[in-house]
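Fold and geometry: a report
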Amino acid sequence: MMSISNVEMLEILAKPWARIKDIELLADCKETKACKIKKQIENKIRQSGKLLPMDKVVPMEMVVKELQINEKRIERYARLEAEGLLKKADLAESTSNN
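Read on for a plain summary of the structure. The structure presented is a predicted model; accordingly, all values stated were derived computationally and were not measured. (Residues numbered from 1 in each chain as written. Predicted model: local features only at pLDDT ≥ 70, side-chain atom pairs only at ≥ 80, totals over all residues. Heavy atoms only, no water.)

What follows is about the environment of Asp22. Mapped onto the secondary structure, Asp22 falls in helix H2 (residues 20-27). With relative accessibility at 7%, the residue Asp22 sits in the buried group. A sequence separation of 38 residues divides Asp22 from Met60, and the C-alpha atoms of the two residues are 9.2 Å apart. Every residue in contact with Asp22, bar those within four places of it in the chain, is listed here: Ile12, Lys15 and Trp17. (Helix = DSSP H or I, 4+ residues; strand = E, 2+ residues; numbered from the N terminus. Buried < 20%, exposed > 50% of the residue type's maximum accessible area, 1.4 Å probe, protein only. Contact = heavy atoms within 4.5 Å.)

On to the environment of Lys33. One can find Lys33 in helix H3 (residues 31-47). Among the residues examined, Lys33 registers a relative accessible area of 47% and is labelled partly exposed. Expressed as a C-alpha distance, the spacing of Lys33 and Ile20, which sit 13 residues apart in the sequence, is 9.4 Å.

In structure tokens:
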């Protein structure tokens, strides 16, 4: 598993659609777990009576909800990181506390 910076996480969150690789990075998990998360989201969408326009992606909004990502916190840390105020040691702690 690969930990990513808050700036990189924010770039992923800005996308309208999430692929398996995006889910892997956001959830800090392997492909198998990311596929399960994607499948759960697809099932929720179908149960709501809606259709997915594409097979390989799910709405990022649903991924954020499913993973309980605090976008405002990530934005704040990404800003600090970009300004050089957040160091690598702090980064590991901040991303593990989504």
